[in-house]
Each structure stands twice: as C-alpha cells, then as structure tokens.
Amino acid sequence: MDERVVMQQPLSAIAEAFEELSKRNDAHSIRLDTFCEAASLVSVLFRCLGLAFKFAELEYVAKLHGLLEASKTCPTLQDILNLDVASDTVKTSGSSSRNLRRVRQGLDLVRAIFEQLLSTDDNSLKEVATVAYGQVCAPYHTWAVRTAVYAGMYTLPTRDQLLMKLNETEQSAEKKMRRYIAASLPIIEYIDKLYLSRNITLDW
Ligand code: 1PZ
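Residues numbered from 1 in each chain as written. Predicted model: local features only at pLDDT ≥ 70, side-chain atom pairs only at ≥ 80, totals over all residues. Heavy atoms only, no water.

Novice: So what's going on with the site of the ligand? Residues and values would help.
Specialist: Taken together, 22 residues form the shell around the ligand, and within it Phe46, Glu59, Lys63, Arg98 and Arg102 come nearest. Here an oxygen atom of the ligand and a side-chain polar atom of Lys63 are 2.7 Å apart. One nitrogen or oxygen atom from the side chain of Arg102 is found 2.9 Å from an oxygen atom belonging to the ligand. Look at the ligand: alone it shows 870 Å² of surface, and the protein chains cover 91% of it. (Near = heavy atom within 4 Å. Polar contact = N/O pair within 3.5 Å; in protein donor to acceptor, adjacent residues only side chain to side chain. Areas by Shrake-Rupley, 256 points an atom, 1.4 Å probe, with all protein chains shown as cover.)

The structure is reproduced here in structure tokens:
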C-alpha cells in the first residue's frame with residue numbers, strides 16, 4: 001500500500017486493507033503475511049492516542065512481529081493453529097496462536113471503538129473507549145493492565161482532536177469506520193472459528 005495514504009489517511013488505508021482481506025477470505029484461508037500487513041496499519045491509530053498508550057502500541061507491534069516471523073514457516077492462519085495444537089502450545093506465552101488471539105482482540109477493540117463512536121456525538125473519548133475496552137479486552141486482561149488502561153483513559157485526546165490527527169471530518173470518518181466494521185467482522189469470526197473448531201474455548 002502507498003505509504004502516503006497510510007500516513008495521511010490512515011482510516012482509508014485500514015478500511016481498504018480489511019476489505020481486501022475479507023474478499024480473499026472467500027477461499028476460507030487467509031495468508032498470514034497479508035493479515036499481518038493489514039493488522040499493522042491499526043498501530044497508526046495508537047499514535048494518535050498519546051504517550052499513555054505507547055505501551056499498548058509496543059505490545060501490539062511485538063505480537064505482530066512474532067506473527068510475521070512465523071509467516072516464514074506458516075503460510076496461513078490455520079497453519080499456526082495446526083502447529084501449536086500439535087505441540088500443545090496454543091496458550092503458551094509468546095506462541096503464534098496466542099499472539100494471533102491477542103491481535104484479534106486488538107482488531108475487535110478497534111471495531112468496538114468505531115461502533116461506539118458511531119453511536120454517540122460526545123466529544124470526550126473516555127466513555128466510548130471505556131465501554132469498548134470493557135466489552136472486548138478487559139475480561140481477558142490482568143488487574144494491573146486494566147487499572148493502567150482505565151487510568152490512561154483520562155489522557156485521551158478529544159474526538160475533535162482525534163479526527164484532526166486522522167485528517168478526517170465526522171462525515172468522512174463515519175463512512176470509513178462503517179467499512180472497517182463490515183470488513184473486519186468476518187475476519188474476526190473466521191479467527192474465532194480456527195480455535196473453536198479445534199475445541200479450544202475463547203475464555204483467555
Ligand atoms: C479512541 C479510543 C481509544 C481507546 C483506547 C483503548 C486502548 C486499550 C489498550 C489496551 C492495552 C493492552 C495492554 C496490554 C495487554 C497485555 O496484557 C496483553 C498480554 O498478552 P500476553 O503476552 O499475555 O499474551 N497484550 C495484548 O493483548 C496485545 C496488545 C493489544 C492491544 C490492542 C489494542 C488495539 C487498540 C487500538 C486503539 C485505537
């Protein structure tokens with residue numbers, strides 16, 4: 001993808017990348033390198049959130065980096081699961097199946113944030129972010145992480161500031177957020193099925 005689009009219109013780049021990914025998903029197999037490329041665009045959003053979320057960005061990027069390394073030997077997402085099931089490392093810290101689960105939670109968090117943003121015009125992001133985080137990630141995070149995230153919410157920019165950093169207006173952002181929501185849902189569900197079809201529950 002054109003680097004200028006990514007930097008100047010990150011929401012366009014994200015919506016486009018996930019639409020491409022969900023089109024290819026018709027074959028019921030997703031290439032891991034293509035997935036990583038799309039997922040890495042999301043980290044641009046973090047940079048708009050300020051220093052308090054630097055830790056989250058580093059965490060997210062580290063998981064993605066692990067997955068990109070794994071793509072050298074595991075071409076598709078299901079290869080990751082097959083490998084970790086065989087070696088009983090699905091939930092092992094740093095394993096690819098665990099990294100994939102975390103990245104999936106990040107993508108779902110962005111989806112939930114966008115849904116919240118579409119449902120209100122409140123200029124504070126704190127409420128929006130708190131609801132989305134509480135739905136998608138909080139149940140799986142440790143107490144220490146949850147506490148840090150909730151404290152960080154007080155430092156979030158306002159909605160206007162965020163839109164400005166993203167080079168968007170309310171109207172342009174709304175369209176792109178809807179496109180991401182529609183395109184990411186089937187991908188998220190596909191990833192969940194990779195685990196569920198192997199009798200791995202999703203309570204972690
Ligand atoms: C505009 C609204 C902004 C909302 C901001 C909400 C930010 C939520 C930040 C979440 C921080 C998570 C930090 C650390 C989590 C770790 O516990 C786990 C550890 O995984 P392990 O090594 O045990 O397997 N790491 C992760 O889950 C990976 C990081 C996920 C962060 C995804 C956030 C995506 C948010 C995008 C925001 C625009």
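Next comes the rest of the account.
Novice: Report on the environment of Ser124, specifying residues and quantitative values.
Specialist: As for its placement among the helices and strands, Ser124 is situated in the loop between helix H7 (96-119) and helix H8 (126-136). Considering only alpha carbons, one finds Ser124 and Gln161, 37 residues apart in sequence, at a separation of 10.0 Å. Engagement of the side chain of Ser124 in a polar contact is seen with the backbone nitrogen of Lys126, the distance being 3.1 Å. (Helix = DSSP H or I, 4+ residues; strand = E, 2+ residues; numbered from the N terminus.)

Novice: Quick rundown of the layout of surface pockets? Include the residues and the values.
Specialist: Counted as a void, the largest pocket has a volume near 1,200 Å³. Elements that contribute at least two residues to the lining of the largest pocket include exactly helix H4 (43-47), helix H5 (54-70), H7, H8, helix H9 (143-152), helix H10 (159-165) and helix H11 (170-196). If one sorts the elements of the lining of the largest pocket by residue count, H7 sits on top with ten residues. Of the residues contributing to the lining of the largest pocket, the split by class is 31 nonpolar, eight polar and seven charged. For the second largest pocket, the calculated volume is near 230 Å³. Listed by contribution, the elements that provide at least two residues to the lining of the second largest pocket are helix H1 (3-8), helix H2 (10-24) and helix H3 (32-41). If you tally residues by element for the lining of the second largest pocket, the top one is H3, at five residues. Within the lining of the second largest pocket, the residues separate by chemical class into six nonpolar, two polar and four charged. (1 Å grid on protein atoms, 1.4 Å probe; cavity = no way out; pocket = protein on both sides within 12 Å on 5 of 7 lines; lining within 4 Å. Points joined across faces, edges and corners; volume = space filled by probe spheres on them. Nonpolar A, V, L, I, M, F, W, Y, C, P; charged D, E, K, R; others polar.)

Novice: I'd like a description of unusual backbone geometry, backed by residues and values.
Specialist: Positive phi values are uncommon outside glycine, yet Asp88 reaches one of about 55°. Mapped onto the secondary structure, Asp88 falls in the loop between helix H6 (77-86) and H7. For Asp88, a relative accessible area of 67% corresponds to the exposed category. Within the chain, Asn199 stands out as a residue other than glycine whose phi angle is a positive 60°. If you trace the backbone, Asn199 turns up in the segment after H11. (Buried < 20%, exposed > 50% of the residue type's maximum accessible area, 1.4 Å probe, protein only.)

Novice: Describe the nonpolar core, with residues and values.
Specialist: Grouped together as the largest cluster of nonpolar side chains are 65 residues, with contacts concentrated most on Phe35 and Tyr195. What Phe35 contacts, discounting residues up to four positions off in sequence, is Leu21, Ile30, Leu67, Leu77, Leu100, Val103, Leu107, Ile187 and Ile191. (Core = buried A, V, L, I, M, F, W, Y, C linked by side-chain atoms within 4.5 Å. Contact = heavy atoms within 4.5 Å.)

Novice: Could you give me a rundown of H6, with the residues and numbers involved?
Specialist: One turn of an α-helix holds 3.6 residues; hence residues three or four places apart share an orientation. For H6, the set of buried residues is Leu77, Ile80, Leu81 and Asp84. In a view along the axis of H6, the buried residues occupy a sector of 95°, so they form one face of it. The outward face of H6, more than 90 degrees from its buried face, is lined by the exposed residues Leu83 and Ala86. Against the buried residues of H6 lie H3, H5, H7 and H11. Two residues or fewer past H6, Asp88 is found with a positive phi of approximately 55°. (Arc of directions from axis to C-beta.)

Interpretation in functional terms is not warranted from these geometric data alone.
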